[in-house]
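Structural description and commentary
Single-letter residue listing:
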Amino acid sequence: MREELLEQLQTWHEEDEYEQIVQAVMDVPAEERDYELVSHLGRALNNLERYDEAVEQFLSIAEVGQDDPLWHYRIGLAYYYLERYDEARTAFENADRLEPGDEDTLEFLSWIAEKTAEGESEAAESAGSEAAPEASAPEAAKAGQPPAASVAFEGDFDAAGFWDDGNPAAEKYISAPPTEALIESVEESLVFRLPAFYVNLMKVHNGGIPRYRYFRSESGETLEILGLMGIGRDKAHSLCGAAGSRATIEREGYPEFGVILCDTPSDQGVVMLDYRESANDGEPEVVYVEKASKKVTRLAPNFEAFVRGLTGGAQ
């Protein structure tokens with residue numbers, strides 16, 4: 001019975017059915033949940049971005065997990081997205097000690113170093129200057145983050161009106177406007193240069209849910225997207241986040257010819273930048289990749305054409 005449950009939990013994980021995992025493990029009496037079951041539960045909570053709950057579960061098996069690099073990695077991931085960087089660093093350092101050279105562990109350690117360096121720099125700047133008079137500045141600026149840039153777009157494109165910030169799910173995607181250093185760092189991690197139109201759009205509003213979310217492909221099929229990932233690492237639904245481009249490519253086996261930008265309802269596939277014709281530093285096409293078959297469908301010659309082609313409903 002237990003082996004059947006563990007097999008089912010792994011199947012659900014591969015199908016991104018994380019709520020099913022949580023429900024199934026929680027249905028097991030607490031006194032009967034062993035290390036493996038709680039590990040499945042904590043991983044699922046991480047994938048659902050319920051990081052406080054994930055930490056609670058991982059701590060409940062901390063004694064057994066001390067020699068398991070995966071335990072340290074998973075609790076470190078939760079700490080990282082809770083912005084508890086000191087605890088995250090300790091966890092990832094232990095994971096690296098137990099399994100030296102793991103690429104993902106080293107990348108998190110690099111990100112933590114960047115984050116703590118940024119925090120020290122901001123603290124020093126704050127201590128050396130008087131409070132700014134613009135007390136009612138946008139939230140990002142009040143938090144010590146760069147304000148949205150003023151970017152001019154050709155034609156009648158309304159970057160501010162493009163987004164549906166009233167959507168309850170929008171917060172999953174939205175990050176503070178990216179700095180030039182962050183853009184360069186993310187591009188280095190992805191090994192692709194991001195399209196200029198996309199970068200400029202993110203400088204105005206970094207990720208979110210578009211007001212218009214339907215696109216009609218060249219073959220006549222209509223595709224719906226859920227959201228557009230921003231430039232960053234902190235939000236899971238950002239390019240380098242836990243549910244971002246690289247993580248999704250590695251987890252789901254999507255082709256490595258580009259960058260995932262958008263997810264779709266029911267996790268049926270993704271919208272990607274396709275660099276096969278342009279090389280890594282060129283202007284990529286936009287394609288849709290079906291999850292099950294990995295079939296690639298061309299959508300637009302470039303990101304700008306894709307964005308301008310979004311409409312308000314199925315056609």
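The structure this text deals with has already been given above.
Summary of the structure given here.

Rules behind the numbers
- Residues numbered from 1 in each chain as written.
- Predicted model: local features only at pLDDT ≥ 70, side-chain atom pairs only at ≥ 80, totals over all residues.
- Heavy atoms only, no water.
- Helix = DSSP H or I, 4+ residues; strand = E, 2+ residues; numbered from the N terminus.
- Buried < 20%, exposed > 50% of the residue type's maximum accessible area, 1.4 Å probe, protein only.
- Polar contact = N/O pair within 3.5 Å; in protein donor to acceptor, adjacent residues only side chain to side chain.
- Contact = heavy atoms within 4.5 Å.
- Pairing = 2+ DSSP bridges.
- Phe/Tyr/Trp six-rings, centres within 6.5 Å; stacked < 30°, edge-to-face > 60°.

Focus: the environment of glutamate 184
- Along the chain, glutamate 184 turns up in helix α10 (residues 180-190).
- Among the residues examined, glutamate 184 registers a relative accessible area of 54% and is labelled exposed.
- Separated by ten residues in the primary sequence, glutamate 184 and leucine 194 place their C-alpha atoms 9.5 Å from one another.

What about the side chain of arginine 233?
- Relative to the assigned elements, arginine 233 resides in the loop between β3 (227-228) and α12 (245-252).
- Looking at arginine 233, its side chain comes within polar contact range of the side chain of serine 189, at 3.0 Å.
- With near-sequence residues (within four places) excluded, arginine 233 lies in contact with Tyr80, Tyr81, Trp111, Glu114, Leu182, Ser185, Val186, Ser189, Ser238, Cys240 and Gly241.

Quick look at unusual backbone geometry
- A positive phi angle, near 60°, is found at serine 266, a position not held by glycine.
- With a phi close to 65°, lysine 294 is a non-glycine residue in the positive phi region.
- Using a relative accessible area of 27% as the deciding quantity, one classes lysine 294 as partly exposed.

What about the sheet that holds strand β4 (residues 258-263)?
- As summarised here, the arrangement of the five strands in space is β3-β4-β5-β6-β7, forming an open sheet in which the pairing is antiparallel. The open sheet is flanked by β3 and β7 (296-300), the only strands paired with a single partner.
- The pairing of strand β6 (residues 285-290) with β7 spans four bridges and is classified as antiparallel. Bridge pairing in β7 links tyrosine 288 to threonine 297.

Things to note about the packing of aromatic side chains
- Applying the stated criterion across every chain, the model contains 17 aromatic pairs.
- Considering the side-chain rings of tyrosine 80 and phenylalanine 108, the 5.3 Å spacing of their centres and the 75° angle between planes classify their relative orientation as edge-to-face. Of this pair, tyrosine 80 sits in helix α6 (residues 69-81) while phenylalanine 108 sits in helix α8 (residues 103-127); the two residues are 28 residues apart in sequence, bridging distant segments of the chain.
- Classification of tyrosine 80 as buried rests on a relative accessible area of 2%.
- Classification of phenylalanine 108 by relative accessible area gives buried; the value is 5%.
- Aromatic pair phenylalanine 192 and tyrosine 275: ring centres 4.5 Å apart, planes at 25°, arrangement stacked.

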